[in-house]
Amino acid sequence: QGNSRLMLAIGASLAAPFLPLLHLDGGGFHLHDNSSSGKTTSSNVAQSVWCIGGKKGRLTWDNTTNSMEKRALARNHNLVVPDEVGEAKNASDVARACYKLANGNIRGRLDSYGRDIPQQNYDVLVFSTGELSLSDFVSSNGGKWNAGQDVRIVSIKAKVSAYGVFDTIHHFPTSKAFADHLNDAAMQYYGTAGRAFIELIMQDKDDAIHTMTQYKQ
């Protein structure tokens, strides 16, 4: 409560299943700032809605575009959390992945025997992190960045106060203590919120869609 970046992380995670229900394209957010600002903690909080926090649940930007697409397909109607864009070795792959993850389709092709592999589609939201914004990372590493990519995955400064990513640390003595608490919780109590959220939607899906449509407008 009271932490805008953590609420954004949780909100993005909970919003992902509504993409197909509201006929929306994918997209997402990229938190960027210097190290030790709390970006990875925000990622862990986002992950914990559906799965375990930490490296086991995260992706890395150090993947080819095709690899990112396959992992997004495996997380269809859910959240994709690629951590630390600075680890990517190919800026062009990052730029292409931003388009692909938002557009949500893997192009059809023929296999080595000439058999048709049809186009595959997915709907995901992205919650990404890095020291640089996506546009700065791609541009500074020789890649090409277009305005359309900024619209699809929006880069947002992570730091909001002297506590870094945290607006408030509540009763904790330091921002590190608060971060440690959140990270420990994300590794122990995960998936509960997501399951409860799906159960709530299924109790009255039409009403849930109506409510979310009002927020969309």
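Residues numbered from 1 in each chain as written. Predicted model: local features only at pLDDT ≥ 70, side-chain atom pairs only at ≥ 80, totals over all residues. Heavy atoms only, no water.

**Observations concerning the overall build of the protein**
- The helix and strand tally for the protein stands at 10 helices and 10 strands.
- Here the C-alpha coordinates of the protein stretch approximately 65 × 50 × 35 Å along the principal axes.
- Residues counted as buried form 44% of the 217 residues belonging to the protein.
- For the protein, long-range pairs separated by at least 24 residues make up 75% of all intrachain contacts whose partners lie at least 6 apart in sequence.
- Roughly 11,500 Å² of accessible area belongs to the protein as shown, and the carbon and sulfur atoms make up 51% of that amount.
- One finds the centroid of the 22 positive side-chain charges in the protein at a distance of 5 Å from the centroid of its 21 negative side-chain charges. (Helix = DSSP H or I, 4+ residues; strand = E, 2+ residues; numbered from the N terminus. Buried < 20%, exposed > 50% of the residue type's maximum accessible area, 1.4 Å probe, protein only. Contact = heavy atoms within 4.5 Å. Areas by Shrake-Rupley, 256 points an atom, 1.4 Å probe, with all protein chains shown as cover. Lys, Arg positive; Asp, Glu negative; His and termini not counted. Charge placed at Lys NZ, Arg CZ, Asp CG, Glu CD.)

**Some words on the sheet that holds strand S10 (residues 153-157)**
- The strand order across the open sheet formed by 4 strands is S3-S9-S1-S10, and the pairing between neighbours is parallel. The open sheet terminates on both sides in strands that have one partner only, identified here as strand S3 (78-80) and S10. When the angles between neighbouring strand axes are averaged without regard to direction, this sheet yields 20°.
- Strand direction decides the pairing type here: strand S1 (residues 27-32) and strand S9 (residues 124-130), joined by 6 bridges, are parallel. Bridge assignment links His32 to a residue of S9, and that residue is Gly130. (Pairing = 2+ DSSP bridges. Axes fitted to C-alpha atoms, helices over the stretch in contact; angles between N-to-C directions.)

**Here we look at the packing of aromatic side chains**
- Applying the stated criterion to the full structure yields 3 aromatic pairs.
- Relative to Phe178, the ring of Phe172 has its centre 5.2 Å away and its plane inclined at 35°; by these criteria the two rings are tilted. There is no split in this pair, since Phe172 and Phe178 are both buried.
- Taken together, Phe166, Phe172 and Phe178 form an aromatic cluster joined through their ring pairs. (Phe/Tyr/Trp six-rings, centres within 6.5 Å; stacked < 30°, edge-to-face > 60°.)

**Points about the layout of surface pockets**
- Its volume calculated, the largest pocket comes out at about 550 Å³.
- Together, 27 residues line the largest pocket, and Gly11, Leu14, Ala15, Phe18 and Met212 are the ones closest to its centre.
- When residues of the lining of the largest pocket are traced back to their parent elements, those giving at least two are helix H1 (4-15), helix H2 (18-21), S1, helix H7 (147-152), helix H9 (192-203) and helix H10 (205-216).
- Residues that form the lining of the largest pocket fall into these classes: 17 nonpolar, 6 polar and 4 charged. (1 Å grid on protein atoms, 1.4 Å probe; cavity = no way out; pocket = protein on both sides within 12 Å on 5 of 7 lines; lining within 4 Å. Points joined across faces, edges and corners; volume = space filled by probe spheres on them. Nonpolar A, V, L, I, M, F, W, Y, C, P; charged D, E, K, R; others polar.)

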